Every structure is written in C-alpha cells, then in structure tokens.
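Structural features, examined
For reference, the chains in residue letters:
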Amino acid sequence: MEMEHKKQLTKAEQQVMTALWSLPQGGANSAEIMERMPEPKPALTTLLTFLKILKEKGYVLTERVGKALRFTPAVSRDQYTRQYMAEVKNTFFGGSLTSLVSFFAKEEKLTEAEIDELVRIIKHQNN
C-alpha cells in the first residue's frame, strides 16, 4: 500500500498500531487489542475512537464478524517505519542519509562492535 499520502500517527495511535501489529495475521476485536495495549490502558471508548481515526487515515481495515468488528492493519510495521524514517530524513537531515547516520553515530556513542556491524551491513547491501 502506498504510504506517501497517509497522515502521521500520534503517539497514542502508534501504540494502537503496535498492539495490532503484535497480533496474529487474522486481525483482532477491540478486547484482543486492549489486552496488548500498554499501561495505563485507555478506556474502551477511547480505543474505539482511535481505531475509527486509524481507519479514516487508512491504517486500519474493519470487517464485521457477527455483532463484533474485526480490525486488521492496512499497513505493515515495515511500511510505516519506512515512511516515518523517510520523513525524519527529509525533515531533519535535508534528505541526506549520510547526515542521518552520522547524527545517530555521534549521539549514540557506538561501540567498536556496533560500528563493525554497521560496516558489515552496508557492505552486504552493496553486494
């Protein structure tokens, strides 16, 4: 699914999506999603409001199963992460991957082992 036109998620919406992504592929009802929510858990009405907003934003699909609604992610965690990181790169680093990686390398105070692992990953991607 194309993500470029989707609106950014709020922190609370990301928590709901994280709960949804952690469930098996077939989706879940609101009670199953609530079980996966971090403490303090929202009220059920609040969770349902977030799910409605996520559906409107195109992140969640719904299906009626009996009297209940079943919610499934319309976007994978990887798709959302790619979109989010592209926005961070473009907004804060002028679209430069080198600037983004350099920032995190300095801020995170990488160990030699972490640097070696990053070099290995970069070399592997170019082969």
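Bear in mind the structure is a predicted one, so any value in this text is a computation, not a measurement. (Residues numbered from 1 in each chain as written. Predicted model: local features only at pLDDT ≥ 70, side-chain atom pairs only at ≥ 80, totals over all residues. Heavy atoms only, no water.)

Overview of the confidence of the model for the protein
Counting all residues, the mean pLDDT for the protein is 89, and 94% of those residues have values of 70 or more. The spread of mean pLDDT over the elements of the protein runs between helix α5 (residues 97-107), the lowest at 87, and helix α3 (residues 44-57), the highest at 96. (pLDDT = per-residue confidence, 0-100. Helix = DSSP H or I, 4+ residues; strand = E, 2+ residues; numbered from the N terminus.)

Some remarks on the pairing of strand β2 (residues 68-73)
Summarising the sheet, strand β1 (residues 60-65) and β2 pair through six bridges and their orientation is antiparallel. What sits directly across from V60, in β2, is P73. Where β1 hands over to β2, the hairpin turn is made up of two residues, of which G66 adopts a positive phi near 65°. (Pairing = 2+ DSSP bridges.)

Re the pattern of salt bridges
What the rule picks out here adds up to three salt bridges. The salt bridge partner of E13 is K57, with a shortest N-O separation of 2.7 Å. In this pair, E13 is assigned in helix α1 (residues 11-21) and K57 in helix α3, connecting sequence segments 44 residues apart. Close ionic contact of E117 with R120 constitutes a salt bridge, the shortest N to O distance being 2.8 Å. (Salt bridge = Lys/Arg side-chain N within 4 Å of Asp/Glu carboxyl O.)

Concerning the packing of α1 against helix α4 (residues 77-92)
Contact geometry for α1 and α4: axes closest at 11 Å, N-to-C directions at 145°. From α1, Q14, T18 and W21 reach across to α4, where they touch R77, Y80 and Y84. The residue inventory of the contact of α1 with α4, partitioned by class, reads three nonpolar, two polar and one charged. (Axes fitted to C-alpha atoms, helices over the stretch in contact; angles between N-to-C directions. Contact = heavy atoms within 4.5 Å. Nonpolar A, V, L, I, M, F, W, Y, C, P; charged D, E, K, R; others polar.)

A closer look at the packing of aromatic side chains
Aromatic ring pairs: the centre-centre distance and the angle between the two ring planes describe each pair. Evaluation of the coordinates by the stated rule reveals five aromatic pairs. Each ring, one from W21 and one from Y80, has its centre 6.1 Å from the other, and the planes form 35°; the classification is tilted. Placement of the pair is W21 in helix α1 and Y80 in helix α4, with a sequence separation of 59 residues. Between Y80 and Y84, the aromatic rings sit 6.0 Å apart at their centres with planes inclined by 35°, giving tilted as the arrangement. Here Y80 pairs with Y84, and both are found in helix α4, just four residues apart, close to one helical turn. Chaining the aromatic ring pairs together yields one cluster made of W21, Y59, Y80 and Y84. (Phe/Tyr/Trp six-rings, centres within 6.5 Å; stacked < 30°, edge-to-face > 60°.)

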